[in-house]
Amino acid sequence: MRLRTLLVALPVLLMLPLLLHGGWLLSSLADSARADAARALERDVRALAVAIERESTALVRLLELMATSPALEPGRLDPPRFAAFAQPILTGDWGLHAVTVVDRDGRDVIRGVPAVDLGSPDGLGARIRGVFETAAPALSDVGPDAAGEDRALTVSVPVKRGAGVAFVLTARLDPSRFVRVMAEQAQQPGAVATLLDPSRRIAARTLDHDRHFGQRPIDRVLATLASGPSGHGRFESMEGADLLWAWTTVPVGWTVMVGRPAGVIDAAVFESTARLVAAGLIALLAAVGASAYVARRVTRTVESMSADAPRLLSGDGPPRPASGIRELDALYGTLRAASERMRAATAEQAQAARAERAARAEAEAANRAKDEFIGMLSHELRNPMAPIANALRYVERTQPLDERGRAAIAMASRQSAQLKRLVDDLLDATRIGQGRIELRLERTSVERAVEHAVQAIAPTVAQRGQPLRVSISPSVGEIVADPARLQQVLENLLGNAVKFTRDSDPIRVEVDGDARGVEIRVVDEGAGIDAESLPRIFDLFVQSEATLERTHGGLGIGLAWVRAIVALHGGTVSATSPGKGLGTTFTVRLPRGGEAVAAPARRPDGREPVLQARRRAFERRAVAVAGRDAPSP
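Residues numbered from 1 in each chain as written. Predicted model: local features only at pLDDT ≥ 70, side-chain atom pairs only at ≥ 80, totals over all residues. Heavy atoms only, no water.

## Some words on the sheet that holds strand 7 (residues 202–205)
What counts here: Whether two strands pair depends on DSSP finding at least two bridges between them. Where helices and strands are cited, they refer to DSSP runs of H or I of at least four residues and of E of at least two residues respectively, numbered from the N terminus. For helices, the fitted axis covers only the stretch in contact; all axes are lines through C-alpha atoms, and the angles between them, taken along N-to-C directions, range from 0 to 180 degrees. Any two residues whose heavy atoms approach within 4.5 Å are treated as being in contact.
Read across the open sheet, the 5 strands follow the order 7-6-10-9-8; overall the sheet is antiparallel. Each of the sheet's edge strands pairs with one partner strand only, and the pair in question is strand 7 and strand 8 (231–236). This sheet shows a mean twist of 25 degrees between the axes of neighbouring strands, independent of strand direction. Of the strand pairs in this sheet, strand 9 (residues 242–249) and strand 10 (residues 255–261) are connected by 7 bridges, and their pairing is antiparallel. Note that in strand 10 the partner of Ala 246 across the bridge is Val 258. Here helix 4 (residues 176–185) sits on the sheet and contacts strand 6 (192–196) and strand 7; the angle it forms with strand 7, its principal contact strand, is near 50 degrees.

## Examining unusual backbone geometry
To keep things clear, this is the line we draw: Burial classes follow relative accessibility: with a 1.4 Å probe on protein chains only, a residue under 20% of its type's maximum area counts as buried, one over 50% as exposed, and anything between as partly exposed.
Positioned with a positive phi, Ala 135 is a non-glycine residue whose angle comes to about 60 degrees. Looking at the secondary structure, you find Ala 135 in the loop between helix 3 (126–134) and strand 3 (138–139). Ala 135 sits in the partly exposed class, given a relative accessible area of 27%. The backbone of Asp 208 sits at a positive phi, close to 50 degrees, despite the residue not being glycine. Here Asp 208 lies in the loop between strand 7 and helix 5 (209–212).

## Overview of the packing of helix 11 (residues 446–464) against helix 12 (residues 483–499)
For any two helices packed against each other, one specifies the inter-axial angle together with the distance between the axes. Filter applied, for reference: Roughly parallel means an angle under 35 degrees; roughly antiparallel, over 145; roughly perpendicular, 65 to 115; everything else is oblique. Note: crossing handedness is left-handed where the near helix turns anticlockwise from the far helix by less than a right angle, and right-handed where it turns clockwise. Classification used: nonpolar for Ala, Val, Leu, Ile, Met, Phe, Trp, Tyr, Cys and Pro, charged for Asp, Glu, Lys and Arg, polar for all others including Gly.
Running from N to C, helix 11 and helix 12 cross one another at 25 degrees; their axes reach a closest spacing of 8 Å. As summarised for this structure, helix 11 and helix 12 are arranged roughly parallel, according to the angle between their axes. Viewed along their axes, helix 11 and helix 12 form a crossing whose handedness is right-handed. For the pair helix 11 and helix 12, contact is made by Ala 449, Val 450, His 452, Ala 453, Val 454, Ala 456, Ile 457, Thr 460, Val 461 and Arg 464 and by Leu 486, Gln 487, Leu 490, Glu 491, Leu 494, Gly 495, Val 498 and Lys 499, respectively. Split into classes, the residues belonging to the contact of helix 11 with helix 12 amount to 11 nonpolar, 4 polar and 3 charged.

Below you can see the structure in the form of structure tokens.
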């Protein structure tokens, strides 16, 4: 990304979280406003419910007042007198229009006052029977009456005489009374108040009451009301207007609903959102413009500095005129100083590289001379060893010696053998370093190689009383290997185990095989190896416990020689030990023959070590030997 683009995009990246945060705050405020509106609406609907309950209670009280008329004494009914008593109430603005008195047999003992028949068409109806049984007033659902009205709303009260109910006084209610009460509460433009009877039919409505009286609301409204006796929600009215509703149920079973336009709140939210977006865009454009101006100045300076960079590297960069940006001017000055230091450092580095190459060449020459000297010295030291050994054996066998003479000859023989072994170790170290170890590959029985190695070490083991247990799996079979070298590897590992194991401690040789190769483990319970020495025990001239090694003799070459021979066979050797004094396990893994050998590492000078180069040839030679010795079909 170009610097100018980044600088211009930076205010956008900075403003975007602010705008998102502002949007989130606005959304939270909108939700809070809607919640406040819902709570206010719930308070209003509860107030309206109280007003409706108060109005219905007043109507019941009027009917109960009419029920106290002396004209309703059982056996002495006086309809004209009752009509005269009820006339002021019925003609007043109380919302009661017609009254009927019913006895327990369902007969209208006083028919409609005024002359309107409100008798029950099915005898004693369930509602009137309930009034006789409970002696409590009852409001009816919206439904037909005996006078032929399809939609009517009535209220019934008991006429109590003595300890019982003598008659039931029933009057028709005028729903417009409730409409006026609700209209006084819901005065906001677009608001709608609705009163539902217990059967969820519209008993009164502030909007189009005559058209919707007795109807049921839409199914979605009914489903919402079923969620609880009170609450709030947002849904359309019967006219299709989007309203925020609240509802509650009064004790008599009627449900009061009030709806207000939801668009008022949405409009306020939209207006706030529009203001936020407009302010954000103005701020963003101003920030982008300022950033573009600054970016232009910065990029011009940087481009000019980039053009001067090659000359700065050569140390003759021109002085930079002031850019007006303090940091860029300081940067250019720092680059000039760094250029001077880099030129001096480059010259010193070139001189050091020349000296390092000369020292490396001298060290390699010295190392080759050392190897040649060790090889020559080993051969020169080895030549007189055989005559010395022969002379000692001759003297021991032909000359009469006393006890001190035999002890001296034995001591000289032991030291001669030790000297021969040290010379052989030096020769092996030379061969390892120069990669001059040769393999004579053939199909070799692993079991036979193990057996020969065990036989070679058996006298020493028997002398020390150490149990030597050998376990060979039947699936081991043959591999392509140099049998003599393989036996030497096993003898070396077994000799190492004998040296560092106490008398009478057991030594185990375990051999397993599969289709890919064989695994040989030499396990002892001897001195063990500490965790720090374990990774280095296969290095040349490295010993895990120098004092113990020196006690038994040796130059620390044996394990390095084992690793070299195993590597030439395309295998690996590893050692594990729980710790000092807990024994050691050496594991040799050898392929059957023909498996690919891992690519060797390179020397610092880029050449491949001789030993590893020979190891790379093992695969081709093993395949050739395996094919030559395979039985004819």
